[in-house]
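Structural characterization, general
Chain residues, written in single-letter form:
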Amino acid sequence: MSAPEKPDLVLGFTPLTDCAPLIVALEHGHFERYGLRVALSCEPSWANIRDKLAAGVLDGAQMLAPMPIASTLGVGPLHQAMVTALSLGLNGNTITVSTELARSMAEADPQAMATVSGRARALARVVAERSDIGAARLRFASVFPVSMHAYHLRRWFASAGLRAERDLRLVVQSPVRMVAELEAGAIDGFCVGEPWGSLAVARGSGSSLLATHELWNCAPEKVLGVRLDFAERHPETHLALVCALLEAARWCDAHENRPKLARMLADGGFVRAPASVLALSESHVFHRYAANFPWRSHAIWIIAEMLRWGQIEKPLDVRTAAASVYRTDLAREAASRLGLAVPQADEKREGTHAEPWQAAGTTGPITLGPDLFFDGSVFDPGDPVGYLARCEVSDLRFPLEELEALQA
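Because the structure is a prediction, the values reported are computed rather than measured.

1. Notes on the side chain of E305
The residue E305 is located in helix α13 (residues 296-308) in this model. Despite its burial, E305 pairs with no opposite charge; the closest candidate is R308, at 4.1 Å N-O. Side-chain polar atoms of E305 contact the side chain of W309, separated by 3.0 Å. The residues touching E305, leaving out its near neighbours within four places in the chain, are Y151, R155 and Y387.

2. Let's talk about the packing of helix α7 (residues 148-158) against α13
The relative placement of two packed helices comes down to the angle between their axes together with the axis-to-axis distance. Where α7 contacts α13, the axes come no closer than 11 Å and their chain directions differ by 60 degrees. Compared by their axis directions, α7 and α13 come out oblique. Note that α7 runs across α13; the crossing there is left-handed. Across the interface between the two elements, M148, Y151, R155 and A158 from α7 touch W301, I302, E305, M306 and R308 from α13.

3. Focus on the layout of surface pockets
Any empty space left between atoms is shown by rolling a water-sized probe over those atoms. Of the pockets and cavities examined, the largest pocket occupies roughly 340 Å³. Those elements giving two or more residues to the lining of the largest pocket turn out to be α7 and α16 (384-390). Class assignment for the residues of the lining of the largest pocket results in 6 nonpolar, 2 polar and 5 charged.

4. A look at empty space enclosed by the protein
For the structure shown, the criterion picks out 1 cavity of 30 Å³ or more. Each pocket or cavity is described by its volume, and for the largest cavity that value is around 60 Å³.

5. Quick notes on the packing of helix α5 (residues 99-108) against helix α6 (residues 116-132)
For the pair α5 and α6, interaxial distance at closest approach is 8 Å and the crossing angle is 95 degrees. In terms of axis orientation, α5 runs roughly perpendicular to α6. The residues of α6 that touch α5, namely those facing L101, S104, M105 and A108, are R119, A122, L123, R125, V126 and E129. Grouping the constituent residues of the contact of α5 with α6 by class yields 6 nonpolar, 1 polar and 3 charged.

6. With respect to the sheet that holds strand β1 (residues 8-13)
Taken together, the 5 strands give an open sheet; going across it, the order is β2-β1-β3-β10-β4, and neighbouring strands pair in mixed fashion. Each end of this open sheet is capped by a strand with a single partner; those strands are β2 (37-42) and β4 (82-83). Note that β4 and strand β10 (residues 222-227) share 2 bridges and pair antiparallel. Within β10, the position partnered with M82 by the bridge is R227.

7. Some remarks on the environment of I302
Residue placement: I302 occurs in helix α13. Given a relative accessible area of 0%, I302 falls into the buried group. Sequence separation between I302 and A65 is 237 residues; the distance between their C-alpha atoms is 8.3 Å.

8. Some points on the packing of aromatic side chains
How two aromatic rings sit relative to each other is set out by the distance from centre to centre and by the angle between their planes. A complete count under the given rule lists 8 aromatic pairs for this structure. Taking the centre distance of 6.0 Å and the plane angle of 40 degrees together, the rings of W156 and F157 count as tilted. Here a set of aromatic residues connected by ring pairs shows up, and it is made of Y151, W216, W301 and F373. Note that R288 overlies the ring of Y289, its terminal NZ or CZ placed 5.4 Å from the centroid. Here K348 stacks its cationic end above the ring of W295, 5.2 Å away from the centre of that ring.

9. Remarks on the side chain of H238
On the secondary structure map, H238 appears in helix α11 (residues 235-253). Note on H238: relative accessible area 3%, which makes it buried. If sequence neighbours within four positions are ignored, H238 has contacts with V83, A85, V226, A231 and L330.

Scoring rules and cut-offs
- Residues numbered from 1 in each chain as written.
- Predicted model: local features only at pLDDT ≥ 70, side-chain atom pairs only at ≥ 80, totals over all residues.
- Heavy atoms only, no water.
- Helix = DSSP H or I, 4+ residues; strand = E, 2+ residues; numbered from the N terminus.
- Buried < 20%, exposed > 50% of the residue type's maximum accessible area, 1.4 Å probe, protein only.
- Lys, Arg positive; Asp, Glu negative; His and termini not counted.
- Salt bridge = Lys/Arg side-chain N within 4 Å of Asp/Glu carboxyl O.
- Polar contact = N/O pair within 3.5 Å; in protein donor to acceptor, adjacent residues only side chain to side chain.
- Contact = heavy atoms within 4.5 Å.
- Axes fitted to C-alpha atoms, helices over the stretch in contact; angles between N-to-C directions.
- Parallel < 35°, antiparallel > 145°, perpendicular 65-115°, else oblique.
- Left-handed = near helix turned anticlockwise from the far one by under 90°.
- 1 Å grid on protein atoms, 1.4 Å probe; cavity = no way out; pocket = protein on both sides within 12 Å on 5 of 7 lines; lining within 4 Å.
- Points joined across faces, edges and corners; volume = space filled by probe spheres on them.
- Nonpolar A, V, L, I, M, F, W, Y, C, P; charged D, E, K, R; others polar.
- Pairing = 2+ DSSP bridges.
- Phe/Tyr/Trp six-rings, centres within 6.5 Å; stacked < 30°, edge-to-face > 60°.
- Lys NZ or Arg CZ within 6 Å of the ring centre and 35° of its normal.

Right, here's the structure in full:
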(Lines give C-alpha, C1' and ligand atoms only; values in the text may rest on other atoms or scores of the structure.)
Protein backbone atom coordinates (compact mmCIF):
# COMPACT_ATOMS: atom_id res chain seq x y z
CA MET A 1 0.00 0.00 0.00
CA SER A 2 1.09 3.57 -0.59
CA ALA A 3 1.88 5.70 2.42
CA PRO A 4 -1.19 7.38 3.93
CA GLU A 5 -1.50 11.04 2.97
CA LYS A 6 -2.65 11.95 6.49
CA PRO A 7 -1.15 9.54 9.04
CA ASP A 8 -2.33 11.37 12.18
CA LEU A 9 -6.03 10.77 12.81
CA VAL A 10 -8.59 11.31 15.54
CA LEU A 11 -11.45 8.81 15.53
CA GLY A 12 -14.59 9.09 17.61
CA PHE A 13 -16.38 6.26 19.36
CA THR A 14 -19.20 5.76 21.83
CA PRO A 15 -18.75 3.35 24.76
CA LEU A 16 -20.59 0.27 23.51
CA THR A 17 -19.44 -3.26 22.85
CA ASP A 18 -19.48 -2.62 19.10
CA CYS A 19 -16.75 0.00 19.39
CA ALA A 20 -14.53 -3.06 19.80
CA PRO A 21 -12.87 -3.03 16.34
CA LEU A 22 -11.54 0.49 16.96
CA ILE A 23 -10.20 -0.47 20.38
CA VAL A 24 -8.57 -3.66 19.12
CA ALA A 25 -7.05 -1.89 16.11
CA LEU A 26 -5.41 0.56 18.51
CA GLU A 27 -4.38 -1.88 21.24
CA HIS A 28 -3.09 -4.57 18.87
CA GLY A 29 -1.20 -2.22 16.56
CA HIS A 30 -3.32 -2.64 13.42
CA PHE A 31 -3.46 1.11 12.82
CA GLU A 32 0.29 1.41 13.27
CA ARG A 33 0.90 -1.46 10.85
CA TYR A 34 -0.81 0.57 8.14
CA GLY A 35 1.18 3.71 8.88
CA LEU A 36 -1.51 5.43 10.94
CA ARG A 37 -1.08 7.22 14.26
CA VAL A 38 -4.58 7.17 15.75
CA ALA A 39 -6.01 8.85 18.81
CA LEU A 40 -9.44 7.69 19.96
CA SER A 41 -11.93 10.18 21.33
CA CYS A 42 -14.70 8.80 23.55
CA GLU A 43 -17.87 10.79 22.89
CA PRO A 44 -20.89 10.82 25.22
CA SER A 45 -23.55 10.92 22.51
CA TRP A 46 -24.18 10.29 18.83
CA ALA A 47 -24.97 13.97 18.34
CA ASN A 48 -21.43 14.77 19.50
CA ILE A 49 -19.99 12.38 16.96
CA ARG A 50 -22.15 13.75 14.15
CA ASP A 51 -21.28 17.37 14.92
CA LYS A 52 -17.55 16.83 15.45
CA LEU A 53 -17.19 14.75 12.31
CA ALA A 54 -19.09 17.32 10.25
CA ALA A 55 -16.90 20.11 11.65
CA GLY A 56 -13.66 18.23 10.95
CA VAL A 57 -12.73 17.84 14.63
CA LEU A 58 -12.87 14.09 14.05
CA ASP A 59 -11.39 12.47 10.96
CA GLY A 60 -13.67 9.45 11.17
CA ALA A 61 -15.91 7.73 13.67
CA GLN A 62 -17.93 4.74 14.72
CA MET A 63 -21.39 5.81 13.58
CA LEU A 64 -24.90 4.46 13.63
CA ALA A 65 -25.56 2.90 10.22
CA PRO A 66 -28.20 5.51 9.25
CA MET A 67 -26.09 8.53 10.30
CA PRO A 68 -23.92 9.00 7.18
CA ILE A 69 -27.08 8.69 5.07
CA ALA A 70 -28.98 11.21 7.18
CA SER A 71 -26.10 13.69 7.09
CA THR A 72 -25.72 13.35 3.32
CA LEU A 73 -29.45 13.80 2.70
CA GLY A 74 -29.82 16.62 5.20
CA VAL A 75 -32.09 14.69 7.55
CA GLY A 76 -31.64 16.58 10.80
CA PRO A 77 -29.80 19.82 11.57
CA LEU A 78 -26.68 19.14 9.47
CA HIS A 79 -26.17 18.64 5.75
CA GLN A 80 -22.70 17.20 5.12
CA ALA A 81 -21.84 14.53 2.55
CA MET A 82 -20.43 11.42 4.21
CA VAL A 83 -19.54 7.91 3.10
CA THR A 84 -18.94 4.51 4.59
CA ALA A 85 -16.85 1.72 3.13
CA LEU A 86 -17.02 -0.51 6.20
CA SER A 87 -19.71 -1.97 8.40
CA LEU A 88 -18.48 -2.55 11.95
CA GLY A 89 -20.85 -5.42 12.62
CA LEU A 90 -24.36 -6.83 12.78
CA ASN A 91 -26.87 -7.14 15.63
CA GLY A 92 -25.96 -6.21 19.20
CA ASN A 93 -28.98 -4.25 20.52
CA THR A 94 -31.62 -5.15 23.07
CA ILE A 95 -35.03 -3.80 24.03
CA THR A 96 -35.26 -3.54 27.79
CA VAL A 97 -38.17 -2.32 29.93
CA SER A 98 -38.60 -1.56 33.60
CA THR A 99 -39.46 -4.55 35.77
CA GLU A 100 -42.78 -2.84 36.53
CA LEU A 101 -43.72 -2.56 32.85
CA ALA A 102 -42.63 -6.15 32.20
CA ARG A 103 -44.91 -7.29 35.03
CA SER A 104 -47.83 -5.25 33.66
CA MET A 105 -47.34 -6.77 30.19
CA ALA A 106 -47.26 -10.29 31.60
CA GLU A 107 -50.45 -9.63 33.58
CA ALA A 108 -52.20 -8.08 30.56
CA ASP A 109 -51.56 -11.05 28.26
CA PRO A 110 -49.43 -13.83 29.78
CA GLN A 111 -49.69 -16.17 26.78
CA ALA A 112 -48.56 -13.46 24.35
CA MET A 113 -45.24 -12.99 26.15
CA ALA A 114 -43.94 -16.20 24.57
CA THR A 115 -43.30 -14.58 21.17
CA VAL A 116 -41.78 -11.36 19.83
CA SER A 117 -45.01 -10.30 18.11
CA GLY A 118 -47.01 -11.34 21.15
CA ARG A 119 -44.98 -9.07 23.41
CA ALA A 120 -45.87 -6.15 21.14
CA ARG A 121 -49.55 -7.08 21.55
CA ALA A 122 -49.11 -7.28 25.32
CA LEU A 123 -47.56 -3.83 25.26
CA ALA A 124 -50.50 -2.57 23.20
CA ARG A 125 -52.91 -3.88 25.85
CA VAL A 126 -51.01 -2.03 28.57
CA VAL A 127 -51.05 1.13 26.44
CA ALA A 128 -54.83 0.81 25.99
CA GLU A 129 -55.41 0.21 29.70
CA ARG A 130 -53.36 3.26 30.60
CA SER A 131 -55.24 5.36 28.06
CA ASP A 132 -58.58 4.26 29.56
CA ILE A 133 -57.63 5.61 32.98
CA GLY A 134 -55.95 8.75 31.65
CA ALA A 135 -52.41 7.73 32.61
CA ALA A 136 -49.41 9.32 30.94
CA ARG A 137 -48.09 7.70 27.78
CA LEU A 138 -45.25 5.25 28.24
CA ARG A 139 -41.82 6.66 27.38
CA PHE A 140 -39.34 4.60 25.35
CA ALA A 141 -35.85 5.84 24.54
CA SER A 142 -33.67 5.24 21.53
CA VAL A 143 -30.15 6.55 21.09
CA PHE A 144 -30.82 8.84 18.10
CA PRO A 145 -33.74 9.77 15.83
CA VAL A 146 -32.02 8.18 12.81
CA SER A 147 -30.83 4.88 14.23
CA MET A 148 -31.53 1.21 13.84
CA HIS A 149 -32.71 1.37 17.46
CA ALA A 150 -35.47 3.86 16.61
CA TYR A 151 -36.51 1.92 13.51
CA HIS A 152 -36.56 -1.39 15.40
CA LEU A 153 -38.80 0.16 18.05
CA ARG A 154 -41.12 1.82 15.54
CA ARG A 155 -41.57 -1.35 13.47
CA TRP A 156 -42.12 -3.49 16.56
CA PHE A 157 -44.69 -1.00 17.89
CA ALA A 158 -46.39 -0.83 14.49
CA SER A 159 -46.78 -4.62 14.35
CA ALA A 160 -49.34 -4.24 17.16
CA GLY A 161 -50.94 -1.12 15.68
CA LEU A 162 -49.03 1.27 17.94
CA ARG A 163 -47.66 4.50 16.59
CA ALA A 164 -44.80 6.34 18.27
CA GLU A 165 -45.76 9.90 19.23
CA ARG A 166 -49.48 9.03 19.17
CA ASP A 167 -49.62 6.03 21.52
CA LEU A 168 -46.20 6.13 23.15
CA ARG A 169 -43.51 8.76 23.54
CA LEU A 170 -40.25 8.03 21.76
CA VAL A 171 -37.39 10.11 23.18
CA VAL A 172 -33.64 10.25 22.62
CA GLN A 173 -31.13 9.44 25.32
CA SER A 174 -27.38 8.85 25.35
CA PRO A 175 -26.49 5.14 25.63
CA VAL A 176 -24.53 5.63 28.85
CA ARG A 177 -27.54 7.33 30.49
CA MET A 178 -30.15 4.68 29.64
CA VAL A 179 -29.89 2.63 32.83
CA ALA A 180 -29.90 5.67 35.10
CA GLU A 181 -32.94 7.11 33.31
CA LEU A 182 -34.78 3.80 33.64
CA GLU A 183 -33.96 3.56 37.34
CA ALA A 184 -35.08 7.16 37.91
CA GLY A 185 -38.45 6.43 36.27
CA ALA A 186 -37.82 8.98 33.51
CA ILE A 187 -38.32 6.28 30.85
CA ASP A 188 -40.19 2.98 30.84
CA GLY A 189 -38.03 1.18 28.32
CA PHE A 190 -35.21 1.58 25.84
CA CYS A 191 -33.46 0.11 22.83
CA VAL A 192 -29.69 0.40 23.07
CA GLY A 193 -26.51 -1.40 22.15
CA GLU A 194 -24.93 -3.66 24.70
CA PRO A 195 -23.83 -3.72 27.46
CA TRP A 196 -26.42 -1.28 28.80
CA GLY A 197 -29.43 -3.58 28.51
CA SER A 198 -27.54 -6.37 30.27
CA LEU A 199 -26.40 -3.95 32.95
CA ALA A 200 -30.01 -2.96 33.72
CA VAL A 201 -30.93 -6.63 34.04
CA ALA A 202 -27.88 -7.35 36.23
CA ARG A 203 -28.86 -4.50 38.54
CA GLY A 204 -32.43 -5.73 38.80
CA SER A 205 -33.98 -2.56 37.41
CA GLY A 206 -34.71 -3.84 33.92
CA SER A 207 -36.22 -6.83 32.18
CA SER A 208 -34.97 -7.86 28.74
CA LEU A 209 -37.86 -8.18 26.29
CA LEU A 210 -35.86 -9.18 23.24
CA ALA A 211 -32.62 -8.84 21.35
CA THR A 212 -33.05 -6.98 18.09
CA HIS A 213 -31.70 -9.89 16.07
CA GLU A 214 -35.10 -11.40 16.88
CA LEU A 215 -36.67 -8.51 14.95
CA TRP A 216 -34.27 -8.68 12.01
CA ASN A 217 -31.41 -11.13 12.17
CA CYS A 218 -28.04 -9.86 10.94
CA ALA A 219 -29.32 -6.32 10.65
CA PRO A 220 -26.75 -3.55 10.13
CA GLU A 221 -25.74 -1.64 13.21
CA LYS A 222 -22.61 0.55 13.23
CA VAL A 223 -20.33 1.71 10.40
CA LEU A 224 -17.10 3.61 9.94
CA GLY A 225 -18.14 7.07 8.78
CA VAL A 226 -15.93 9.72 7.16
CA ARG A 227 -16.70 12.92 5.32
CA LEU A 228 -16.82 12.55 1.55
CA ASP A 229 -14.19 15.25 1.09
CA PHE A 230 -11.88 13.40 3.52
CA ALA A 231 -12.19 10.18 1.51
CA GLU A 232 -11.52 12.05 -1.73
CA ARG A 233 -8.53 14.03 -0.45
CA HIS A 234 -6.95 11.12 1.44
CA PRO A 235 -7.81 7.92 -0.44
CA GLU A 236 -4.80 5.92 0.82
CA THR A 237 -5.43 7.03 4.40
CA HIS A 238 -9.05 5.98 4.11
CA LEU A 239 -8.18 2.57 2.68
CA ALA A 240 -5.50 2.04 5.34
CA LEU A 241 -8.09 2.81 8.00
CA VAL A 242 -10.58 0.36 6.51
CA CYS A 243 -7.92 -2.37 6.23
CA ALA A 244 -6.80 -1.93 9.83
CA LEU A 245 -10.37 -2.17 11.09
CA LEU A 246 -11.09 -5.20 8.91
CA GLU A 247 -8.20 -7.03 10.56
CA ALA A 248 -9.39 -5.96 14.00
CA ALA A 249 -12.98 -7.03 13.30
CA ARG A 250 -11.77 -10.47 12.24
CA TRP A 251 -9.97 -10.84 15.59
CA CYS A 252 -13.03 -9.66 17.53
CA ASP A 253 -15.22 -12.29 15.92
CA ALA A 254 -13.09 -15.29 16.88
CA HIS A 255 -14.92 -17.22 19.59
CA GLU A 256 -11.76 -17.78 21.61
CA ASN A 257 -11.09 -14.03 21.72
CA ARG A 258 -14.46 -12.98 23.17
CA PRO A 259 -13.40 -13.24 26.87
CA LYS A 260 -10.20 -11.31 26.15
CA LEU A 261 -12.18 -8.68 24.27
CA ALA A 262 -14.59 -8.19 27.20
CA ARG A 263 -11.66 -7.69 29.58
CA MET A 264 -9.97 -5.29 27.16
CA LEU A 265 -13.06 -3.10 26.93
CA ALA A 266 -13.72 -3.16 30.68
CA ASP A 267 -10.20 -3.04 32.11
CA GLY A 268 -9.11 -0.37 29.64
CA GLY A 269 -11.98 1.85 30.69
CA PHE A 270 -13.34 2.06 27.15
CA VAL A 271 -16.76 0.80 28.28
CA ARG A 272 -17.52 1.41 31.95
CA ALA A 273 -19.22 -1.85 32.77
CA PRO A 274 -17.99 -5.07 34.38
CA ALA A 275 -16.35 -7.62 32.10
CA SER A 276 -19.03 -10.13 33.17
CA VAL A 277 -21.72 -7.88 31.71
CA LEU A 278 -19.63 -7.31 28.58
CA ALA A 279 -19.61 -11.02 27.74
CA LEU A 280 -20.49 -11.01 24.05
CA SER A 281 -23.07 -13.42 22.68
CA GLU A 282 -22.46 -15.19 19.39
CA SER A 283 -25.38 -13.25 17.90
CA HIS A 284 -23.17 -10.15 17.95
CA VAL A 285 -21.33 -10.45 14.63
CA PHE A 286 -18.14 -8.46 13.97
CA HIS A 287 -16.75 -10.12 10.83
CA ARG A 288 -18.29 -13.41 9.71
CA TYR A 289 -21.29 -13.44 7.36
CA ALA A 290 -19.65 -10.64 5.31
CA ALA A 291 -20.51 -8.38 8.25
CA ASN A 292 -18.03 -5.70 7.18
CA PHE A 293 -19.45 -5.28 3.69
CA PRO A 294 -21.62 -2.13 3.37
CA TRP A 295 -24.59 -3.70 1.59
CA ARG A 296 -26.56 -1.12 -0.37
CA SER A 297 -29.69 -3.12 0.35
CA HIS A 298 -29.15 -2.13 3.99
CA ALA A 299 -28.88 1.51 2.98
CA ILE A 300 -32.02 1.26 0.82
CA TRP A 301 -33.93 -0.27 3.73
CA ILE A 302 -32.75 2.56 6.00
CA ILE A 303 -33.85 5.22 3.51
CA ALA A 304 -37.21 3.47 3.19
CA GLU A 305 -37.61 3.71 6.96
CA MET A 306 -36.68 7.41 6.88
CA LEU A 307 -39.41 7.87 4.28
CA ARG A 308 -41.90 5.72 6.17
CA TRP A 309 -41.55 7.71 9.38
CA GLY A 310 -41.63 11.14 7.75
CA GLN A 311 -37.97 12.00 8.26
CA ILE A 312 -37.48 12.67 4.53
CA GLU A 313 -39.87 15.36 3.37
CA LYS A 314 -39.46 15.13 -0.41
CA PRO A 315 -39.32 12.17 -2.82
CA LEU A 316 -35.89 11.06 -4.06
CA ASP A 317 -34.16 8.37 -6.09
CA VAL A 318 -33.63 5.91 -3.26
CA ARG A 319 -31.05 3.60 -4.86
CA THR A 320 -28.93 6.46 -6.18
CA ALA A 321 -28.90 8.04 -2.73
CA ALA A 322 -27.88 4.73 -1.15
CA ALA A 323 -25.05 4.24 -3.67
CA SER A 324 -23.62 7.69 -2.96
CA VAL A 325 -23.09 6.84 0.73
CA TYR A 326 -22.53 3.08 0.95
CA ARG A 327 -19.34 2.73 -1.09
CA THR A 328 -19.09 -0.91 -2.05
CA ASP A 329 -16.33 -0.06 -4.54
CA LEU A 330 -14.02 1.09 -1.76
CA ALA A 331 -14.98 -1.87 0.42
CA ARG A 332 -13.96 -4.26 -2.36
CA GLU A 333 -10.64 -2.46 -2.88
CA ALA A 334 -9.76 -2.72 0.80
CA ALA A 335 -10.78 -6.39 0.96
CA SER A 336 -8.75 -7.19 -2.13
CA ARG A 337 -5.64 -5.72 -0.53
CA LEU A 338 -6.12 -8.17 2.34
CA GLY A 339 -6.98 -11.11 0.10
CA LEU A 340 -10.51 -11.37 1.53
CA ALA A 341 -13.48 -12.65 -0.45
CA VAL A 342 -16.18 -10.09 -1.12
CA PRO A 343 -19.63 -10.10 -2.73
CA GLN A 344 -19.75 -8.90 -6.33
CA ALA A 345 -23.35 -7.76 -5.95
CA ASP A 346 -24.16 -4.53 -4.12
CA GLU A 347 -27.62 -5.61 -2.94
CA LYS A 348 -29.43 -8.69 -1.71
CA ARG A 349 -33.00 -9.54 -0.77
CA GLU A 350 -33.45 -9.37 3.00
CA GLY A 351 -35.64 -11.71 5.01
CA THR A 352 -35.40 -14.95 3.04
CA HIS A 353 -33.00 -17.16 5.04
CA ALA A 354 -33.61 -18.86 8.38
CA GLU A 355 -30.13 -20.40 8.47
CA PRO A 356 -26.62 -19.45 7.27
CA TRP A 357 -26.36 -19.74 3.48
CA GLN A 358 -23.77 -19.71 0.74
CA ALA A 359 -23.70 -16.52 -1.33
CA ALA A 360 -23.43 -16.76 -5.10
CA GLY A 361 -21.38 -14.41 -7.25
CA THR A 362 -18.51 -13.75 -4.85
CA THR A 363 -14.74 -13.58 -5.28
CA GLY A 364 -14.41 -16.57 -2.95
CA PRO A 365 -16.59 -18.71 -0.68
CA ILE A 366 -18.74 -16.54 1.62
CA THR A 367 -21.30 -17.75 4.12
CA LEU A 368 -23.99 -15.17 4.84
CA GLY A 369 -26.09 -15.14 7.98
CA PRO A 370 -29.77 -15.77 8.63
CA ASP A 371 -31.75 -12.63 7.85
CA LEU A 372 -35.38 -13.23 8.80
CA PHE A 373 -37.69 -10.42 9.93
CA PHE A 374 -39.92 -11.19 12.93
CA ASP A 375 -43.08 -10.56 10.92
CA GLY A 376 -42.12 -12.84 8.03
CA SER A 377 -41.75 -9.98 5.57
CA VAL A 378 -39.20 -9.83 2.73
CA PHE A 379 -37.46 -6.64 1.66
CA ASP A 380 -36.63 -6.31 -2.04
CA PRO A 381 -34.10 -3.47 -2.50
CA GLY A 382 -35.26 -3.13 -6.10
CA ASP A 383 -38.74 -2.16 -4.96
CA PRO A 384 -38.68 0.22 -1.97
CA VAL A 385 -41.99 1.70 -3.15
CA GLY A 386 -43.64 -1.71 -2.90
CA TYR A 387 -42.31 -2.07 0.65
CA LEU A 388 -43.78 1.29 1.67
CA ALA A 389 -47.10 0.46 0.03
CA ARG A 390 -47.42 -2.59 2.29
CA CYS A 391 -46.77 -0.65 5.52
CA GLU A 392 -50.07 -0.24 7.34
CA VAL A 393 -48.61 2.23 9.86
CA SER A 394 -46.73 5.03 8.11
CA ASP A 395 -46.05 8.77 8.31
CA LEU A 396 -45.03 9.20 4.66
CA ARG A 397 -45.23 12.88 3.77
CA PHE A 398 -46.20 12.68 0.10
CA PRO A 399 -48.08 10.36 -2.28
CA LEU A 400 -46.25 7.16 -3.17
CA GLU A 401 -46.77 7.95 -6.85
CA GLU A 402 -44.38 10.90 -6.52
CA LEU A 403 -41.70 8.60 -5.07
CA GLU A 404 -42.26 5.91 -7.69
CA ALA A 405 -41.78 8.43 -10.51
CA LEU A 406 -38.21 9.16 -9.35
CA GLN A 407 -36.93 5.59 -9.08
CA ALA A 408 -34.27 4.78 -11.67
